Amino acid sequence: MPSHPVPHTPAPGASIPAGGRLPIIIPVIVAVAFLMEQLDATIITTAVPDIAHSLQVTPVQMSLAVAAYVLSVAIFIPVSGWFADRFGARRVFIAALAIFTIGSVLCGLSQSFAMLVAMRVVQGLGGAMMTPVGRLILLRSFPRSELMTAMTYMTLPAIMGPVIGPLLGGVITTYFSWRWIFYVNIPFGLLGILLAMRYVANTREHEVAGFDFAGFLMVGGGLGLLQSALEAVSHPVVPPFVIALAAAAAIALLLGFYFYARRAVAPAVDLTLFRSRSFRVGTLAGGVCRIGMNGMPYLLPLMLQVGFGLSPIASGSITFITSVGAVIIRNLLAPVIRNYGFRFVLIASAVAGSVGLAGFALIEPHTPHYLILLWVFIFGLTRSAQFMSSNTLSYADTPDRQLSRATSLGGVLQQLSVSLGVSVSAVLLALVSAHSETLTPARFHEVFLLSAVIPLLAIPGFLTLAHDDGARAISRKKTFSEVEEHDREVAA
């Protein structure tokens, strides 16, 4: 029996301005939650040596604390939509913020390595629910004609997190204590909870099917193993046969879920969403393009530090410029898509992204820093245009009743594109440097050139789009005179 969404009413006591427009505080709340989640995936990396020394483990063992968070997110994202439908988006979002904040406190208080790993899993559980449910709240808070605006608040943290995290982690670890990389989440988490209680509507479904536990075990286990294999690729201490075994088990579980989902009434992940061309192209073809572009936040800092000899803070200051491009492009993108369509923008940004990646192969240790900054800024513009366009297209034509399931599946694919971006870059770097004792700039240049091919592989998928696909998301808003004219026609 199909479910019917409850009317989207404001939270008790919520203040909605005249005309029914939701206050700007809602996207700000969600954007801060997104940024917290994105930062926690990367901020710990620069603090690994200090944490390892404090907890009396090796830096190699500390990779488990980094991976535990990412694994937890990958496993629990698929079921976030069901929880939002069953208990209400506001309740789940607040609970996720609370779990994430409590996990942060306990990570900071950890006196043993085992406790830190366990609390990183708790943090990941909160992050897994926080991100897709926050995305769902945004999608339901904006009319489809303003979907590009909503996607901006979702995409900016995803772009900024990976480049800000290592820099912020380095500064906090250098001038304070590694424990403060977790404590900084506390005020933001508490503020987010209070504002969500005040302003976010508790939208939910009338009829919700039972929880698909068998499907969750298959898809969660498959994604967890796949994420483990991808993480292990960038850590040479893991034997290749173990990585291959984990990847094979992951593929078997995910294939099993595919056949299971075709028969299940309400599977844990709704694969029928791929029947929508906009969602299919935005998530799959867009995901391929993101894999190539997501390698840059991993490769560039390594090249600047290992190949050029820059300090972590100097390297982080350069890569941070990527996020400046994201802020600028947000106001320029909607008119371009409105005039030329998603297909043109996605293809153009994929080609520009490929050129941008190849351009990093021209950077040498003696290249003036202002030229490096300029190129990083230009690449940030194209990367942001690609991410925002594909994210907007993914949900532009999705029916309201499927939004919760779409945000869950979209979140899974986005998480995988990040992991694959890093893993593919790590594999390429290992291959080109197999016969070298040191990582020279030339080896990084080769990897950037190889990575530049990946965004071009998405172009055949983008070519399948019709000109009007996703048009609902970028339709021009009516002027006041047009609204008056419409009202006169209705009255007549």
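Residues numbered from 1 in each chain as written. Predicted model: local features only at pLDDT ≥ 70, side-chain atom pairs only at ≥ 80, totals over all residues. Heavy atoms only, no water.

**Focus on the overall build of the protein**
And then number 1: Each helix and strand counted, the protein has 20 helices and 0 strands in total.
And then number 2: When the 492 residues of the protein are sorted by exposure, 53% land in the buried category.
And then number 3: For the protein, the computed accessible surface area is about 21,100 Å², with 69% contributed by carbon and sulfur atoms. (Helix = DSSP H or I, 4+ residues; strand = E, 2+ residues; numbered from the N terminus. Buried < 20%, exposed > 50% of the residue type's maximum accessible area, 1.4 Å probe, protein only. Areas by Shrake-Rupley, 256 points an atom, 1.4 Å probe, with all protein chains shown as cover.)

**Observations regarding the nonpolar core**
And then number 1: Judged by nonpolar contacts, the single largest core of 52 residues is most densely connected at Phe93, Met130, Val133, Ile137, Phe257 and Tyr395.
And then number 2: Broken down by element, the residue count for this core peaks at 8 residues, all from helix H6 (residues 113-141).
And then number 3: Not counting chain neighbours up to four residues away, the residues in contact with Phe93 comprise Ile29, Val30, Ala33, Met130, Val133, Gly134, Ile137 and Ala196.
And then number 4: Among the nonpolar cores identified, the runner-up in size contains 41 residues, and Leu300, Phe308, Ile329 and Val447 belong to it. (Core = buried A, V, L, I, M, F, W, Y, C linked by side-chain atoms within 4.5 Å. Contact = heavy atoms within 4.5 Å.)

**Structural notes on the packing of helix H13 (residues 296-307) against helix H17 (residues 403-432)**
For any two helices packed against each other, one specifies the crossing angle of their axes together with the interaxial distance.
And then number 1: Between H13 and H17, whose axes approach to 8 Å, the crossing angle comes to 40 degrees. Looking at the two axes, H13 sits oblique to H17. Counted together, Tyr298, Leu299 and Leu302 of H13 and Val422, Ser425, Ala426 and Leu429 of H17 form the full contact between these two elements.
And then number 2: In terms of residue class, the contact of H13 with H17 is built from 6 nonpolar, 1 polar and no charged. (Axes fitted to C-alpha atoms, helices over the stretch in contact; angles between N-to-C directions. Parallel < 35°, antiparallel > 145°, perpendicular 65-115°, else oblique. Nonpolar A, V, L, I, M, F, W, Y, C, P; charged D, E, K, R; others polar.)

**As for helix H12 (residues 277-293)**
And then number 1: Over its 17 residues, H12 runs 23 Å from end to end, which matches the ideal 24 Å to within 8%, given 1.5 Å per residue.
And then number 2: Where H12 bends most, the angle comes to about 35 degrees, and this point is Gly287.
And then number 3: The buried fraction of H12 amounts to 13 of the 17 residues, a majority that puts the element mostly inside the structure. (Expected span 1.5 Å × (residues − 1). Bend = angle between axes of the 7 residues up to and from the residue.)

**Topic: a nonpolar patch on the surface**
And then number 1: A grouping of Tyr175, Phe176, Trp180 and Ile313 is seen on the molecular surface, where their side chains present a nonpolar patch of about 500 Å² in accessible area.
And then number 2: Within the secondary structure, Phe176 sits in the loop between helix H7 (147-175) and helix H8 (180-183).
And then number 3: Given a relative accessible area of 61%, Phe176 falls into the exposed group. (Patch = residues over 30% accessible without salt bridge, like charges linked within 9 Å, V, L, I, M, F, W, Y side chains within 5 Å. Salt bridge = Lys/Arg side-chain N within 4 Å of Asp/Glu carboxyl O.)

**Observations concerning the side chain of Thr367**
And then number 1: Tracing the sequence through the fold places Thr367 in the loop between helix H15 (321-359) and helix H16 (369-396).
And then number 2: From its side chain, Thr367 meets the backbone nitrogen of Glu364 in a polar contact 2.8 Å long. (Polar contact = N/O pair within 3.5 Å; in protein donor to acceptor, adjacent residues only side chain to side chain.)

**Focus: the environment of Leu439**
And then number 1: Topologically, Leu439 is positioned in the loop between H17 and helix H18 (441-451).
And then number 2: Classification of Leu439 as partly exposed rests on a relative accessible area of 28%.
And then number 3: Sequence separation between Leu439 and Val306 is 133 residues, and the spatial gap between their C-alpha atoms is 6.9 Å.
And then number 4: Apart from the residues lying within four places of it in its own chain, the contact partners of Leu439 are Val306, Gly307, Leu429, Ser433 and Phe444.

**Quick look at the packing of H12 against H16**
And then number 1: Running from amino to carboxyl end, H12 crosses H16 at an angle of 155 degrees, the nearest separation of the two axes being 7 Å. In terms of their interaxial angle, H12 and H16 are classed as roughly antiparallel. Every pair of crossing elements has a handedness; the one defined by H12 and H16 is left-handed. In this structure, H12 contributes Ser278, Phe279, Val281, Gly282, Thr283, Gly286, Cys289, Arg290 and Met293 to the contact, and H16 contributes Phe379, Arg383, Gln386, Phe387, Ser390, Asn391, Leu393, Ser394 and Tyr395.
And then number 2: Of the residues belonging to the contact of H12 with H16, the class tally is 8 nonpolar, 8 polar and 2 charged. (Left-handed = near helix turned anticlockwise from the far one by under 90°.)

**As for the packing of aromatic side chains**
The description of two aromatic rings rests on the distance between their centres and on the angle between their planes.
And then number 1: Under the criterion given, the structure shown has 13 aromatic pairs.
And then number 2: For the ring pair Trp82 and Phe83, a centre distance of 5.2 Å and an interplane angle of 90 degrees mean the geometry is edge-to-face.
And then number 3: With a relative accessible area of 22%, Trp82 lands in the partly exposed category.
And then number 4: The class for Phe83 is partly exposed, based on a relative accessible area of 26%. (Phe/Tyr/Trp six-rings, centres within 6.5 Å; stacked < 30°, edge-to-face > 60°.)

**Notes on the environment of Ser390**
And then number 1: By secondary structure assignment, the location of Ser390 is in helix H16.
And then number 2: Using a relative accessible area of 0% as the deciding quantity, one classes Ser390 as buried.
And then number 3: It is 9.4 Å that separates the C-alpha atoms of Ser390 and Val345, two residues lying 45 residues apart in sequence.
And then number 4: Ignoring anything within four residues of it in the chain, the contact list for Ser390 reads Gly282, Gly286, Arg290 and Leu346.

**Description of the confidence of the model for the protein**
And then number 1: In this model, the protein carries an average pLDDT of 80, and 84% of its residues clear a pLDDT of 70 or more.
And then number 2: No element of the protein has a lower mean pLDDT than helix H20 (residues 480-491), which averages 39, and none a higher one than helix H19 (residues 459-463), which averages 94.
And then number 3: Throughout residues 1-22 the model reports pLDDT below 50, and contacts reaching past four residues in sequence, or to other chains, amount to 34 contacts. (pLDDT = per-residue confidence, 0-100.)

**Focus: the environment of Leu428**
And then number 1: Tracing the backbone shows Leu428 in helix H17.
And then number 2: Not counting the four nearest positions on each side in its chain, Leu428 is found in contact with Val447, Leu450 and Ser451.

**Brief notes about unusual backbone geometry**
And then number 1: A positive phi angle, close to 60 degrees, is found at Gln56, a residue other than glycine.
And then number 2: Its place among the elements puts Gln56 in the loop between helix H2 (48-55) and helix H3 (59-76).
And then number 3: Overall, Gln56 belongs to the exposed group, its relative accessible area being 73%.

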